[in-house]
Amino acid sequence: MEQNKRLAFSNGMRDGIPIALGYFAVSFTLGIAAKNAGFTPLQAMIVSLTNNASAGQFAGFTLISAGAGYLELAVMILVANARYLLMSCALSQKLDSKTSLLHRMLIGYDVTDEIFGICISVPGKLNPFYAYGAIAVAIPGWSLGTYLGVLMGNILPANVVSALSVGLYGMFIAIIIPPARKNKVLTGLIIISMLLSLAFCKLPVISDIPSGTRIIILTVLLSAGAALLFPVKEESDEA
């Protein structure tokens, strides 16, 4: 059992290294936003250690810069991060039914798009220590990048900072492409999600909806449709 935990943890660290590198690059721009909001490097790093959510943190730093109140800040962070509730529900089905509440809460601490992507792609049931391994390298990458972004972000040329921000999108594509190549249904859903996301950004009225809310609406519609049209048999705990 202990050997399985160590193996799962090391596999998680291995798969989490590209995520950590992507986080390190992207969080430079977050550090700039934190500096503009009046945060010191240490304060910004603590925020990233306790809240690994790019959209939520960017929104929070922007509102703080504008002098927003606590209630407005709380509501905006809730909306920006609400999609992680859906991811957590999906991950809960990936865990063994005997997984303790403590393990579930620890995994829930860092459910990000990328970590969710690699965890949900693990064959069979998810060993919590796989998630811990990925988190162990991802969190330092995110927080250290934020720290250095506050110190050095404004020194770097704007085109360099922009190039760093694109890296995370490339990494996320690298996560979804391998399973999509093996599953035609998943490939179709990814293409449909991209087209609908573009449509939601361009259509009148719908485009005025906050981006976080649009993501939630699309996620619910696509996942519900896929579940009805292409149901997947639940994996046994021994799988």
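Sequence order sets the numbering: in each chain, residues are counted from 1 along the sequence as written. Only residues with pLDDT of 70 or above have their local features reported here, since the model is predicted, and side-chain atom pairs are shown and tallied only from 80 upward, although totals for entire chains, interfaces and linings are computed over all residues. Each side-chain value is derived from all of the structure's non-hydrogen atoms; neither hydrogens nor water enter the calculation.

Caption draft 1: Just the overall build of the protein, in detail. Looking only at helices and strands, the protein has 11 helices and 0 strands in total. Looking at the protein as a whole, 36% of its 239 residues qualify as buried. For the protein, the share of sequence-separated contacts (at least 6 apart) that also reach a separation of at least 24 residues comes to 79%. Here the Shrake-Rupley method, with its probe set to 1.4 Å, supplies the accessible areas, and only the displayed protein chains count as covering residues. Accessible surface, the protein: about 13,700 Å² in total, of which carbon and sulfur atoms supply 71%. Runs of H or I in DSSP of at least four residues are treated as helices and runs of E of at least two as strands, each being numbered from the N terminus. Three labels apply to residues, based on accessible area from a 1.4 Å probe with only protein chains included: buried if under 20% of the type maximum, exposed if over 50%, partly exposed otherwise in between. Pairs of residues are marked as contacts when any of their non-hydrogen atoms sit within 4.5 Å.

Caption draft 2: Molecular detail of the packing of helix H7 (residues 113-120) against helix H8 (residues 128-152). Each axis is a line fitted through C-alpha atoms, and for a helix only the stretch in contact is used; angles between axes span 0 to 180 degrees, taken between their N-to-C directions. Contact pair H7 / H8: the axes reach a minimum separation of 10 Å and the direction vectors enclose 150°. One element, H7, and the other, H8, form an angle in the roughly antiparallel class. The two elements H7 and H8 cross, and the hand of that crossing is right-handed. From H7, Ile-115, Ile-118 and Cys-119 reach across to H8, where they touch Tyr-130, Ala-131, Ala-134, Ile-135 and Ala-138. Tallied by class, residues from the contact of H7 with H8 come to 8 nonpolar, no polar and no charged. Relative orientations are named as follows: roughly parallel for angles under 35 degrees, roughly antiparallel for angles over 145 degrees, roughly perpendicular for angles from 65 to 115 degrees, and oblique for any other angle. Each crossing is labelled by how the near helix is turned from the far one, with a counterclockwise turn of less than a right angle marking it left-handed and a clockwise turn marking it right-handed. Each residue gets one of three labels, nonpolar for Ala, Val, Leu, Ile, Met, Phe, Trp, Tyr, Cys and Pro, charged for Asp, Glu, Lys and Arg, and polar for the others, Gly among them.

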